[in-house]
Amino acid sequence: MADLIVTTSALEVACNKIDESLIKAGVHTVLLVDQAGNVVASRGGGPKEIDIISLAALTAANFAATSELAKLIGEDDFTLLFHKGKKDSLHFVRINSDLIMVSIFDDNVSLGLVRLRVAEVIKVIKELFEP
Amino acid sequence: MALIDLSKREIHCKIVYYGPGRCGKTTNLLYIYNAMSEKTKGKMITIETKGERTLFFDLLPLTLGKVGGFDIRIQLYTVPGQALYEATRKLVLKGADGLVFVADSLRVRQVKNRESLEELRRSLREYGASLGEVPMVLQYNKRDLVSSPIPTIGVEELDRDLNNGLVFPRFEAAATKGVGVFETLKEISKRTVRHVTQKNMLVGR
Ligand SMILES: Nc1nc2c(ncn2[C@@H]2O[C@H](COP(=O)(O)OP(=O)(O)O)[C@@H](O)[C@H]2O)c(=O)[nH]1
Ligand SMILES: [Mg+2]
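For every chain, the first residue of the written sequence is number 1, and numbering continues from 1 onward in sequence order. Numbering of ligands from 1 and lettering of chains from A proceed in the order in which they are written. Totals for whole chains, interfaces and linings use all residues, but because this is a predicted model, local features are given only for residues with pLDDT of at least 70 and pairs of side-chain atoms are given and counted only at 80 or more. Side-chain metrics rest on all non-hydrogen atoms present in the structure, leaving aside hydrogens and water.

A.B. asks: Go over helix H3 (residues 111-128) of chain A with me, naming the residues and quoting the values.
C.D. replies: All names here are of chain A. Numbered from the N terminus, helices here are DSSP runs of H or I no shorter than four residues, and strands are runs of E no shorter than two. To estimate the expected span of a helix, subtract one from its residue number and multiply by 1.5 Å. Under the 1.5 Å per step criterion, the end-to-end length of H3 is 25 Å for 18 residues, consistent within 8% with the ideal 26 Å. Within the sequence span of H3, burial applies to Val114, Val118, Val121, Ile122 and Ile125. Along the long axis of H3, the arc covered by the buried residues comes to 115°, so they all point the same way. In H3, the exposed residues that point more than 90 degrees away from the buried face are Gly112, Leu116, Lys123 and Glu127. We call two residues in contact whenever any of their non-hydrogen atoms come within 4.5 Å of each other. Buried-residue contacts for H3 involve helix H1 (8-23), strand S2 (29-34), strand S5 (88-94) and strand S6 (99-106). Burial status follows relative accessibility: with a 1.4 Å probe on protein chains alone, a residue under 20% of its type maximum counts as buried, one over 50% as exposed, and anything between as partly exposed. The directions considered for the arc are those from the helix axis to the C-beta atoms.

A.B. asks: Any details on the nonpolar core? Residues and values, ideally.
C.D. replies: The set of buried Ala, Val, Leu, Ile, Met, Phe, Trp, Tyr and Cys residues whose side-chain atoms join them within 4.5 Å is what this entry labels a nonpolar core. Grouped together as the largest cluster of nonpolar side chains are 32 residues, with contacts concentrated most on Val16, Leu99, Phe101, Leu120, Leu124, Met136 and Leu162 of chain B. If you list the elements that add at least two residues to this core, you get helix H2 (52-72) of chain A together with strand S2 (10-18), strand S4 (54-67), helix H2 (86-93), strand S6 (98-104), helix H3 (110-126), strand S7 (136-141) and helix H4 (155-162) of chain B. For methionine 136 of chain B, the residues in contact, after removing those within four places along its chain, are Leu99, Phe101, Leu117, Leu120, Leu131, Phe168, Pro169 and Ile188 of chain B. Among the nonpolar cores identified, the runner-up in size contains 29 residues, and Leu6, Met36, Met44 and Leu185 of chain B belong to it.

A.B. asks: Give me the lowdown on the site of ligand 1, citing residues and values where you can.
C.D. replies: Residues and elements named next belong to chain B. Whether a residue is near a molecule or strand depends on its heavy atoms: it is near if one of them lies within 4 Å of it. Taken together, 14 residues are adjacent to ligand 1, and Lys25, Thr26, Thr27, Asp144 and Ala175 come closest. Polar contacts, as used here, are pairs of N or O atoms within 3.5 Å; protein pairs need one atom able to donate a hydrogen and one able to accept it. Residues neighboring in sequence count only if both atoms are side-chain atoms. A distance of 3.1 Å separates an oxygen atom of ligand 1 from a polar atom in the side chain of asparagine 141. Contact distances for ligand 1 include 2.7 Å between a nitrogen atom and a side-chain N or O atom of aspartate 144. Note that accessible areas follow from Shrake-Rupley with a 1.4 Å probe, and for residues the cover is restricted to the protein chains shown. Contact with the protein chains hides 78% of the accessible area of ligand 1, taken as 580 Å² for the molecule alone. In terms of residues, the shell around ligand 1 owes the most to one element, helix H1 (residues 25-35), which gives 3 residues. For this scheme, ten residues count as nonpolar: Ala, Val, Leu, Ile, Met, Phe, Trp, Tyr, Cys and Pro. Four count as charged, namely Asp, Glu, Lys and Arg, and the remainder, Gly too, count as polar. Residue composition of the shell around ligand 1, by class: 4 nonpolar, 6 polar and 4 charged.

A.B. asks: Which residues make up the packing of H2 of chain B against H3 of chain B, and what are the values?
C.D. replies: Residues and elements named next belong to chain B. Lines fitted to C-alpha atoms define the axes here, with helix axes fitted over just the stretch in contact, and angles between the N-to-C directions of these axes take values from 0 to 180 degrees. Where H2 contacts H3, the axes come no closer than 10 Å and their chain directions differ by 60°. Judged on the interaxial angle alone, H3 and H2 are oblique. Between H2 and H3 the crossing geometry is right-handed. For the pair H2 and H3, the contacting residues are Glu86, Arg89, Lys90 and Leu93 in the first and Glu119, Leu120, Arg122, Ser123, Leu124 and Glu126 in the second. Split into classes, the residues belonging to the contact of H2 with H3 amount to 3 nonpolar, 1 polar and 6 charged. The cut-offs work like this: below 35 degrees is roughly parallel, past 145 is roughly antiparallel, 65 to 115 is roughly perpendicular, and the gaps in between are oblique. Left-handed describes a crossing in which the near helix is turned anticlockwise from the far one by less than a right angle; the clockwise case is right-handed.

Below is the structure:
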């Protein structure tokens, strides 16, 4: 498995795009995570302090487990996962074979908007991090 | 698979403690966790069943100083040992940059040690890697029991079983007391970071 090398310029473009599309829309935290569970980028930062290292590791593990579940039922992979909480929700999406993006937002932000903006961000990041 | 962040000048590596159930993988991480300063360790996560057996993995993030101008961040993982959980072990193994194979010195676990190493070889192959390609060290754990009445396996025999030709560095350990724990960690970290930096030609970048 090839290592993931992140350059300053690619990361800057990605972070700017995340800020402009998601953070501005009210999403309080966005993480880019690689499939080994490392934090590639973290933007925003809500009122509560979130343990992003644990979040990243669990995200990667969760995705890995879900894609095994997908295989068991004959699906290719689930590219999207959504957990709705009482107040905060978690939205996970696979960007490419290396990267997963996590968005955390509360009920002031609509899921529809998040989906729309996530799709825009993915397009940009996909091109930046062509594996 | 390591993450190399040229912007923050950080290298993130994943090291997995592998081995049969009850050999002492979680004990290694707990000892490291308790011995490290707050500054160099992150939060330890364990996903376990009610009976304190590892269900998915344990994770301990560490910061280990600088190499060639890069900050080194290491995530230590353990796999669940129960035979049933092979699929879970494979998930945790995915993307590992370094491996510690923990063997149990108890005589009754001799076959389990061999089976676990065989499974590791097989899983790596499915990921397109092989033993010897990924940096690995062995740890012969529970050496404190050698002086007890409980039957144990000698080091030479463990070598013959698991490390024929002594291709991997191996350490004797008693993880509950911390003996050999940091020696093992130091050696695998050194080898893993060296492997990652050389592979990506980061030295002097
Ligand atoms: N005597 C002795 N017991 C140990 C040692 N290391 C671990 N154990 C014990 O072995 C059992 C299983 O350890 P654990 O770390 O949970 O094993 P894991 O399944 O590999 O994670 C526990 O009861 C530990 O206290 C050791 O070095 N010596
Ligand atoms: Mg365990």
